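Fold and geometry: a report
Residues per chain, in single letters:
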Amino acid sequence: MRHLLFRSGWLCGVLLCFTLNGALAQTPRDASDPATPSVSEPVDVGVLVRSTRAGFVPLEFHQALKDSDFAWLAGQKTYLTVPGTRSNIRFGPGEEVKFFLKVFLDSSDPRSAFFPIKDPTRFALYRLELEREERRIVLRDEGLTSVRRDAGRPLVPRIYGKSSFELLPTEQLSPGEYAIKYTDTGEDERFKVFCFGVDGR
């Protein structure tokens, strides 16, 4: 409950900041006032992207399915599966890992229903495990004597421009394959997953 209240308060504060930014942007300025710096924002709403020299590029996206394996000696694993062993979206050695999300701020607008990904606090970052020809997000690992649950690591959201967020990992990522899962309130057996990779030197 405390987490939900924090998230609700955080979103209200962000929306207020966006509203004030918009109001300030429409206020006539004196010619002597310094120009307000602007940033280039993503075009597509509700799509997690990364920034490159050529512009914003969407991350590899999948509607992942939940599955599980059971073995008498190893226990049971519950996971999400993503096809393929390597993402085509890569961050180079030493490159800063960050993402961007353009949102539909006015929830009363009927068009907002077509963009379900709009809450930047609902993303969770996972390191993927490779298994044969697929990648896995392990959500629960039940061994003979212990149970490990993985809720992922949060991404830190920052206001970016007039209607976007910049999202950053809480720590530096080592080389490997990663996925960002979006948790929806009306989630079924398919989960929205965005994939990328970090290359080593």
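Residues numbered from 1 in each chain as written. Predicted model: local features only at pLDDT ≥ 70, side-chain atom pairs only at ≥ 80, totals over all residues. Heavy atoms only, no water.

1. Description of the overall build of the protein
The number of helices and strands found in the protein is one helix and 14 strands. Classification of the 201 residues of the protein by burial places 37% in the buried group. In the protein, 69% of the contacts between residues at least 6 apart in sequence involve partners at least 24 apart. (Helix = DSSP H or I, 4+ residues; strand = E, 2+ residues; numbered from the N terminus. Buried < 20%, exposed > 50% of the residue type's maximum accessible area, 1.4 Å probe, protein only. Contact = heavy atoms within 4.5 Å.)

2. Comments concerning the nonpolar core
Membership of the largest hydrophobic core comes to 21 residues, with the highest contact counts inside it found for Leu-48, Leu-59, Phe-99, Phe-123, Ile-180 and Phe-196. In this structure Phe-99 touches Leu-48, Val-49, Leu-59, Phe-91, Leu-155, Phe-165, Glu-166, Leu-167, Ile-180 and Phe-196, once residues within four positions along its chain are discounted. Counting residues in each nonpolar core, the second largest holds 12 residues, with Leu-80, Ala-124, Ile-137 and Ala-179 among its members. (Core = buried A, V, L, I, M, F, W, Y, C linked by side-chain atoms within 4.5 Å.)

3. Topic: the pairing of strand 12 (residues 164–169)
Counting buried residues in strand 12 gives six out of six residues, a clear majority hidden from the surface. Covered by surrounding structure in strand 12 are Ser-164, Glu-166 and Leu-168 together with Phe-165, Leu-167 and Pro-169, the residues of both alternating faces. Summarising the sheet, strand 6 (residues 99–102) and strand 12 pair through four bridges and their orientation is antiparallel. Looking at the pairing, Phe-100 lines up with Glu-166 of strand 12. Both strand 11 (residues 153–160) and strand 12 contribute to a ladder of six bridges, which runs antiparallel. Among the inter-strand pairings, Pro-157 is bridged to a residue of strand 12, identified as Leu-167. Where strand 11 folds back onto strand 12 in an antiparallel hairpin, the turn is made up of three residues, including Gly-161, whose phi is positive at roughly 70 degrees. (Pairing = 2+ DSSP bridges.)

4. Side note on the pattern of salt bridges
Considering all chains together, one arrives at 14 salt bridges under this definition. Across the pair Glu-96 and Lys-98 runs a salt bridge whose closest N-O atoms are separated by 3.7 Å. Residue Lys-98 is classed as partly exposed on the basis of its relative accessible area of 25%. (Salt bridge = Lys/Arg side-chain N within 4 Å of Asp/Glu carboxyl O.)

5. A look at unusual backbone geometry
A positive phi angle is found at Arg-132, which is not glycine, with a value near 55 degrees. Inspection of the secondary structure assignment puts Arg-132 in the loop between strand 8 (129–131) and strand 9 (134–142).

6. Looking at the packing of aromatic side chains
A complete count under the given rule lists nine aromatic pairs for this structure. A ring pair is formed by Phe-56 and Phe-100, whose centres lie 5.4 Å apart and whose planes are at 70 degrees; its orientation type is edge-to-face. Of this pair, Phe-56 sits in strand 2 (residues 55–58) while Phe-100 sits in strand 6, placing them 44 residues apart in sequence. Their ring planes at 15 degrees and their centres at 5.6 Å tell us that Tyr-178 and Phe-196 sit as a pair that is stacked. A residue pair is termed long-range when its members are at least 10 positions apart, and Tyr-178 in strand 13 (residues 176–182) and Phe-196 in strand 14 (residues 190–198) qualify at 18 residues. Here the two residues Tyr-178 and Phe-196 agree in accessibility, since each one is buried. Ring pairs connect the aromatic residues Phe-61, Phe-123, Tyr-182 and Phe-194, which therefore count as one cluster. A cation sits over an aromatic face here: Arg-50 above Phe-91, 4.0 Å from the ring centre. Directly above the ring of Tyr-79 sits Arg-136, whose terminal nitrogen or CZ lies 3.9 Å from the centroid. (Phe/Tyr/Trp six-rings, centres within 6.5 Å; stacked < 30°, edge-to-face > 60°. Lys NZ or Arg CZ within 6 Å of the ring centre and 35° of its normal.)

7. Section: the side chain of Glu-166
Within the secondary structure, Glu-166 sits in strand 12. Residues in contact with Glu-166, not counting those within four places in the same chain, are Lys-98, Phe-99, Phe-100, Val-156, Pro-157, Arg-158 and Tyr-160.

8. So, the confidence of the model for the protein
Residues at a pLDDT of 70 or more form 69% of the protein, whose mean pLDDT is 79. Long-range and interchain partners of residues 1–6, a stretch whose pLDDT sits below 50, account for zero contacts in this model, where long-range means more than four residues apart. For the stretch residues 12–36, pLDDT sits under 50, and the model shows 15 contacts to residues farther than four places along the chain or on other chains. (pLDDT = per-residue confidence, 0-100.)

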